[in-house]
Amino acid sequence: MAEPRNRYSTVSLAFHWGLALLVLAQVLLITAHEAIEGPMSRELVQIHKALGLAILVLTLARIGWRMANPALPAPAGTPDWQKFAAKATHVLFYVLLIGIPLFGWAASSAGGRGIDWFGLFDWPLLPITQSRDLAGTFMDLHRAGVKLLYVLIALHVLAALKHQFVDRDNVLHRMIPLIPRRP
């Protein structure tokens, strides 16, 4: 299932949009958690933790896929600085999609709070010192990563829109095949 010449493969699309939907679900879960109290609030946090670990695993799988199926080249005429910015942004996405769940997992582990993975099994806690202060530090890093992720998502979307409406170079067609390819 190598990458086609003019768009990304179904596997690449599934990774991209699947992870995007999971990140959106994470935002919605935490927003709902912060708006309510009681058992339902705690259940939303458990789902958030399980989805976070799913994001971690899927991101690692996506990196493996990307190593075997390199990204499509930038359109002809793309300035070098834009090529560098695109690569740096994608690397930072991978760092955050690994780091944010790791910091959340570390916070749960330091707090001695278990992670029920969708009712299938208890995800093992990391072998770190249990400390409320350490858990707080990991949560601060988790939240800082999320804020950086929001900025990166905004830049990514703006760049995609620039390619579609300013450059008109079919970059968006590569990730959304329903968008007609320009000649």
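Participant: How should I be thinking about the overall build of the protein chain in this particular structure?
Facilitator: Looking only at helices and strands, one finds five helices and two strands in the protein chain. In the protein chain, the order of α-helices and β-strands from amino to carboxyl end is α-α-α-β-β-α-α. Each of the three principal axes of the protein chain carries a C-alpha extent, and together these read 55 × 30 × 30 Å. Taking all 183 residues of the protein chain together, 37% fall into the buried category. Counting 17 positive and 11 negative side-chain charges, the protein chain places the centres of these two groups 11 Å from one another.

Participant: Honestly, a nonpolar patch on the surface in this entry has me stumped. Any pointers?
Facilitator: A surface patch of nonpolar side chains, about 670 Å² in accessible area, is lined by Tyr150, Ile153, Val157, Leu158, Leu161, Phe165 and Val166. With respect to the helices, strands and loops of the structure, Leu158 is situated in helix H4 (residues 132–167). Judged by relative accessible area, which is 54%, Leu158 ranks as exposed.

Participant: Can you help me understand unusual backbone geometry in this one?
Facilitator: Most peptide bonds take the trans configuration, and most residues that are not glycine carry a negative phi. We note that Phe118 has phi near 55°; this positive angle belongs to a residue other than glycine. Among the structural elements, Phe118 can be located in the loop between strand E1 (115–117) and strand E2 (121–123). Of the residues examined, Phe118 reaches a relative accessible area of 41% and is grouped as partly exposed. One non-glycine residue, Asn170, lies in positive phi territory at about 70°.

Participant: Help me out: how do you make sense of helix H3 (residues 80–110) in this one?
Facilitator: For the α-helix, the turn length of 3.6 residues means that residues three or four positions removed from each other point alike. Helix length check: H3 (31 residues) gives 44 Å between terminal C-alpha atoms against 45 Å at 1.5 Å per residue, within 8%. Of the residues flanking the end of H3, it is Gly112, one or two places downstream, whose phi is positive at about 70°.

Participant: Where do I start with the packing of aromatic side chains in this structure?
Facilitator: How two aromatic rings sit relative to each other is set out by the distance from centre to centre and by the angle between their planes. Summed over all chains, the structure comprises six aromatic pairs. Considering the side-chain rings of Phe121 and Trp123, the 6.0 Å spacing of their centres and the 25° angle between planes classify their relative orientation as stacked. Residue classification places Phe121 among the partly exposed residues on the basis of a relative accessible area of 39%. A residue is classified by how much of its surface remains accessible, and Trp123, at 15% relative accessible area, is buried. Here the aromatic cluster, defined as three or more aromatic residues joined through ring pairs, consists of Trp105, Trp117, Phe118, Phe121 and Trp123.

Participant: Any chance you could explain the nonpolar core here in plain terms?
Facilitator: Side chains of nonpolar character tend, in soluble globular proteins, to be buried together. Grouped together as the largest cluster of nonpolar side chains are 13 residues, with contacts concentrated most on Val23, Ile55, Leu96, Leu97 and Leu149. Among the elements of the structure, helix H1 (10–35), helix H2 (39–68), H3 and H4 are those that each provide at least two residues to this core. If we skip the residues at most four places from it in the chain, Leu97 touches Val23, Ile55, Leu56, Thr59 and Leu149.

Participant: What is the right way to look at the environment of Gln164 in this model?
Facilitator: Residue placement: Gln164 occurs in helix H4. As a C-alpha pair, Gln164 and Arg182 span 18 residues in sequence and 9.9 Å in three-dimensional space. If near-sequence neighbours (up to four positions away) are discounted, Gln164 is found in contact with Leu172, Ile179 and Arg182.

Participant: I keep staring at the packing of H3 against H4 and nothing clicks. Help me out?
Facilitator: Think of two packed helices as two axes; the pair is described by the angle between the axes and how far apart they sit. Remark: H3 packs on H4, axes separated minimally by 8 Å, with the N-to-C direction vectors making an angle of 155°. Between H3 and H4, the crossing angle belongs to the class labelled roughly antiparallel. Between H3 and H4 the crossing geometry is left-handed. Across the contact of H3 with H4, the residue classes break down as 19 nonpolar, eight polar and two charged.

What counts and what doesn't
All chains use their own residue numbering, which begins from 1 and follows the written sequence. The predicted nature of this model means local features are confined to residues of pLDDT at least 70 and side-chain atom pairs, given and counted, to a pLDDT of 80 or more, with totals for whole chains, interfaces and linings taken over all residues. As a rule here, side-chain values come from all non-hydrogen atoms in the structure, and water together with hydrogens is ignored. Strands here mean DSSP runs of E at least two residues long; helices mean DSSP runs of H or I at least four residues long; both are numbered from the N terminus. Relative accessibility thresholds used throughout: buried, under 20% of the residue-type maximum; exposed, over 50%; partly exposed, between the two (1.4 Å probe, protein chains only). Just so you know, the count uses Lys and Arg for positive and Asp and Glu for negative, and it drops His and the chain ends. To locate a charge, take atom NZ for lysine, CZ for arginine, CG for aspartate or CD for glutamate. Residues with no salt bridge and a relative accessible area higher than 30% make up the patches, which join like charges within 9 Å and nonpolar side chains (Val, Leu, Ile, Met, Phe, Trp, Tyr) within 5 Å. Note on areas: Shrake-Rupley with a 1.4 Å probe; residue coverage comes only from the protein chains shown. By convention in these notes, a salt bridge is any Lys or Arg side-chain nitrogen within 4 Å of a carboxyl oxygen on Asp or Glu. Expected span of a helix: the number of residues minus one, times 1.5 Å. For Phe, Tyr and Trp, where Trp contributes only its six-membered ring, two rings pair if their centres lie within 6.5 Å, and the inter-plane angle classes them as stacked under 30 degrees, edge-to-face over 60, or tilted in between. As used here, the term nonpolar core means buried Ala, Val, Leu, Ile, Met, Phe, Trp, Tyr and Cys residues forming a set that is joined through side-chain atoms within 4.5 Å. In this description, contact between two residues means that some pair of their heavy atoms is separated by no more than 4.5 Å. The angle between two axes is taken between their N-to-C directions and runs from 0 to 180 degrees, where each axis is a line fitted to C-alpha atoms and a helix contributes only its stretch in contact. Any angle from 65 to 115 degrees is called roughly perpendicular, while one under 35 is roughly parallel, one over 145 is roughly antiparallel, and all others are oblique. Whether a crossing is left-handed or right-handed is set by the direction in which the near helix is turned from the far one by less than a right angle, anticlockwise for left-handed and clockwise for right-handed. Under this grouping Gly is polar, as are all residues other than the nonpolar Ala, Val, Leu, Ile, Met, Phe, Trp, Tyr, Cys and Pro and the charged Asp, Glu, Lys and Arg.

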